[in-house]
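Fold and contact review
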Amino acid sequence: MYTPRAFAQTDLARLDALIARDAFITLITQHDDGTPEVSHLPVLYARDGARIVLEGHWAKPNPQARHTGKALAIVHGPHAYVSPSAYPDKAQAARVPTWNYAVAHLHGVLERVEDTDALADLVDRLSAHYEASVGRDWRFEHDDARLIRQLAGIVGFRLVVERAELKFKLSQNHPRANQQAVIEDLAARDDPEAREVAALMRGDAGLIDTAD
């Protein structure tokens, strides 16, 4: 990922925050003929220091479910268009439009999970996590033969992350007056993601500072 130094982040707490916000990742692998294979999947995320693991599953007919080896997971953060009209120095500096955003690329190695007990445990943990996030309580019943049979239709995976790249492009390359003007412009929009970007720029989420 092209990441100018001003936008590179190394604090993995920022990754924690991104994945807590949206754990619906884009998973990219390469087919034997060199073409990319892409899936969009919810995952469970675990981090112990620098060790990061993502877990999820594919539908068995998904060609990517046959893949092991290197993979890239993209974690999507908030993003927003930035109009040059927001900058106080727009005329003097001939400012142009841009886009502010936060994103993470997680490079690692995929392992398939096909054992029935391990799949049952994975589905149970996934459902418990996401049911709780919406105030519901459906659980995978391990003694329900109908549910156990349905496990034959999926393949689980673990992505053990070897390298994490975080890019927070939040006007850090602009003077403070421009940063503040962009914050105010984004915060005033009727757009939740624009307001999220403004909050990141302010440091309200504890993810960046806006020092010159």
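A brief report on the enclosed structure follows. Fair warning: this is a prediction, and the values are worked out from it, not measured in the lab. (Residues numbered from 1 in each chain as written. Predicted model: local features only at pLDDT ≥ 70, side-chain atom pairs only at ≥ 80, totals over all residues. Heavy atoms only, no water.)

Under the definition given, this model contains two aromatic pairs. Each ring, one from Trp 58 and one from Phe 157, has its centre 4.8 Å from the other, and the planes form 45°; the classification is tilted. Here Trp 58, found in strand E5 (residues 51-59), pairs with Phe 157, found in strand E8 (residues 154-169); they are 99 residues apart in sequence, far enough to count as distant. The pair formed by Trp 58 and Phe 157 is uniform in burial state, with each residue classed as buried. Geometry around Tyr 87 places Arg 95 over its ring, the cationic atom sitting 5.7 Å from the centre. (Phe/Tyr/Trp six-rings, centres within 6.5 Å; stacked < 30°, edge-to-face > 60°. Helix = DSSP H or I, 4+ residues; strand = E, 2+ residues; numbered from the N terminus. Buried < 20%, exposed > 50% of the residue type's maximum accessible area, 1.4 Å probe, protein only. Lys NZ or Arg CZ within 6 Å of the ring centre and 35° of its normal.)

Relative to E5, strand E4 (residues 44-48) runs antiparallel, the two being bridged by five bridges. Paired with Leu 44 across the strands is Glu 55, a residue of E5. Counted between consecutive antiparallel strands, the loop separating E4 from E5 contains two residues, among which Gly 49 sits at a positive phi close to 65°. (Pairing = 2+ DSSP bridges.)

Side chains that differ in sign of charge can pair as their charged atoms come close. In this structure the tally under the stated criterion is 13 salt bridges. The partner of Glu 114 in a salt bridge is Arg 112, and the shortest N-O contact between them spans 3.3 Å. A salt bridge links Arg 125 to Asp 121, with the shortest nitrogen-to-oxygen separation between them at 2.9 Å. Taken together, the positions of Arg 125 and Asp 121, both in helix H3 (residues 116-133) and four residues apart, correspond to about one turn of that helix. Through salt bridges with shared partners, one network takes in Arg 21, Glu 193 and Glu 196. (Salt bridge = Lys/Arg side-chain N within 4 Å of Asp/Glu carboxyl O.)

A few words now on the environment of Thr 68. Relative to the elements of secondary structure, Thr 68 occurs in the loop between E5 and strand E6 (69-82). Remark: the alpha-carbon pair of Thr 68 and Gln 179, spanning 111 residues in sequence, is separated by 43 Å. Apart from the residues lying within four places of it in its own chain, the contact partners of Thr 68 are Leu 110 and Arg 112. (Contact = heavy atoms within 4.5 Å.)

So, on to the nonpolar core. In terms of nonpolar packing, the biggest core is built from 39 residues, with Leu 15, Ile 25, Leu 27, Trp 58, Val 75, Leu 159 and Leu 186 touching the most fellow members. Those elements giving two or more residues to this core turn out to be helix H1 (12-21), strand E2 (24-30), E5, E6, strand E7 (98-113), E8, helix H5 (176-187) and helix H6 (192-202). With six residues, E8 is the single largest residue contributor to this core. Ignoring anything within four residues of it in the chain, the contact list for Leu 186 reads Ala 80, Tyr 81, Ala 194, Arg 195, Val 197, Ala 198 and Met 201. Ranked by size, the runner-up nonpolar core spans eight residues in total, among them Leu 119, Ala 120, Phe 140 and Leu 147. (Core = buried A, V, L, I, M, F, W, Y, C linked by side-chain atoms within 4.5 Å.)

As a further point, take the pairing of strand E3 (residues 36-42). Residues of E3 alternate between two faces, with Glu 37, Ser 39 and Leu 41 buried on one and Pro 36, Val 38, His 40 and Pro 42 left unburied on the opposite face. Sheet analysis places E2 next to E3, joined by seven bridges and oriented antiparallel. Note on E3: the bridge partner recorded for Leu 27 is Ser 39.

So, about the packing of H5 against H6. At a closest axis distance of 8 Å, the pairing of H5 and H6 adopts a crossing angle of 150°. In terms of orientation, H5 and H6 fall into the roughly antiparallel class. Here the hand of the crossing between H5 and H6 comes out left-handed. Contacts between H5 and H6 involve Gln 179, Val 182, Ile 183, Leu 186 and Ala 187 from the first element and Ala 194, Arg 195, Val 197, Ala 198, Met 201 and Arg 202 from the second. When grouped by side-chain class, the residues that make up the contact of H5 with H6 number eight nonpolar, one polar and two charged. (Axes fitted to C-alpha atoms, helices over the stretch in contact; angles between N-to-C directions. Parallel < 35°, antiparallel > 145°, perpendicular 65-115°, else oblique. Left-handed = near helix turned anticlockwise from the far one by under 90°. Nonpolar A, V, L, I, M, F, W, Y, C, P; charged D, E, K, R; others polar.)

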